[in-house]
Amino acid sequence: MAMSWIDELTFDDPLWDLRDYPRRFVYAQELADELAPDHELFGCTVEVLAKSTANDDLIVRCADRLAVVHLTWSGKTEPSPWPSTTYIDSPAQLREYLGW
């Protein structure tokens, strides 16, 4: 499988790179707990890549797509469209979304 632009991302403050963080499953579990069956990420194997230290946003990979997901931290299934999800199509779009 060819490397994509997602594989080459680096994360700087205020993003905390979680790719080597052994407890990143905590974020993946909270996301899974919040997803309703009609949510666009439901059923997707999600890889948590980074977390914002400024808010509750996660940067996740679903298949070969990148998304910014805003968790509610309710610990329960949320009605769609929560957790809110914004798909990102390029590094430039991610920088713009984050206000960099």
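Not measured: the values here are computed from a predicted model.

Some words on the overall build of the chain
Then, in step 1: A tally of regular secondary structure across the chain gives two helices and five strands.
Then, in step 2: Its C-alpha atoms give the chain a radius of gyration of 13 Å, within 12% of the compact-globule value 13 Å for 100 residues.
Then, in step 3: Along the longest, intermediate and shortest principal axes, the C-alpha atoms of the chain span 30 × 30 × 25 Å.
Then, in step 4: Across the 100 residues in the chain, those meeting the buried criterion constitute 36%.
Then, in step 5: A fraction of 53% describes how many contacts in the chain between residues 6 or more apart in sequence connect residues 24 or more apart.
Then, in step 6: For the chain, the accessible area works out to roughly 5,800 Å², and carbon and sulfur atoms hold 52% of it.
Then, in step 7: The average position of the 8 basic charges and that of the 18 acidic charges among the side chains of the chain differ by 3 Å.

Quick notes on helix α1 (residues 25–34)
Think of an α-helix as turning once every 3.6 residues; residues three or four places apart then point the same way.
Then, in step 1: Every buried residue of α1 is listed here: Tyr27, Glu30, Leu31 and Glu34. Looking down the long axis of α1, one finds its buried residues gathered within 100 degrees of arc, a one-sided arrangement.
Then, in step 2: Buried residues belonging to α1 abut β1 (15–17), β2 (46–52), β3 (57–62) and β4 (65–70).

Digging into the pattern of salt bridges
Then, in step 1: The full count for this structure, using the stated rule, is four salt bridges.
Then, in step 2: Asp7 serves as the salt-bridge partner of Arg61, at 2.6 Å between the closest nitrogen and oxygen. Note that Arg61 is positioned in strand β3 and Asp7 in the segment before β1, a separation of 54 residues in sequence.
Then, in step 3: Asp7 gets classed as partly exposed once you look at its relative accessible area, which sits at 31%.
Then, in step 4: For Asp64, the salt bridge identified is with Arg61, shortest N-O distance 2.8 Å.
Then, in step 5: A residue is classified by how much of its surface remains accessible, and Arg61, at 9% relative accessible area, is buried.
Then, in step 6: Three or more residues joined by partner-sharing salt bridges are found here, namely Asp7, Arg61 and Asp64.

Remarks on the pairing of β4
Then, in step 1: Note that β3 and β4 share six bridges and pair antiparallel. In the strand pairing of β4, Ile59 is matched with Val68.
Then, in step 2: Remark: two residues form the turn of the hairpin made by β3 and β4, two consecutive strands paired antiparallel; Ala63 in that turn has positive phi of roughly 60 degrees.

Quick look at unusual backbone geometry
Then, in step 1: Note the cis peptide between Asp13 and Pro14, where omega equals 15 degrees.
Then, in step 2: Here Pro14 is to be found in the segment before β1.
Then, in step 3: Cis geometry marks the peptide bond from Trp82 to Pro83, where omega comes out at -10 degrees.
Then, in step 4: Within the secondary structure, Pro83 is located in the loop between β4 and β5 (84–88).
Then, in step 5: Of note, Ala63 is a non-glycine position whose phi angle comes to about 60 degrees, a positive value.
Then, in step 6: One can find Ala63 in the loop between β3 and β4.
Then, in step 7: Even without being a glycine, Trp73 presents a positive backbone phi close to 60 degrees.
Then, in step 8: Inspection of the secondary structure puts Trp73 in the loop between β4 and β5.
Then, in step 9: When its relative accessible area of 35% is taken as the criterion, Trp73 is described as partly exposed.

Conventions and cut-offs
Residues numbered from 1 in each chain as written. Predicted model: local features only at pLDDT ≥ 70, side-chain atom pairs only at ≥ 80, totals over all residues. Heavy atoms only, no water. Helix = DSSP H or I, 4+ residues; strand = E, 2+ residues; numbered from the N terminus. Rg over C-alpha atoms; globule rule 2.2 N^0.38 Å. Buried < 20%, exposed > 50% of the residue type's maximum accessible area, 1.4 Å probe, protein only. Contact = heavy atoms within 4.5 Å. Areas by Shrake-Rupley, 256 points an atom, 1.4 Å probe, with all protein chains shown as cover. Lys, Arg positive; Asp, Glu negative; His and termini not counted. Charge placed at Lys NZ, Arg CZ, Asp CG, Glu CD. Arc of directions from axis to C-beta. Salt bridge = Lys/Arg side-chain N within 4 Å of Asp/Glu carboxyl O. Pairing = 2+ DSSP bridges.

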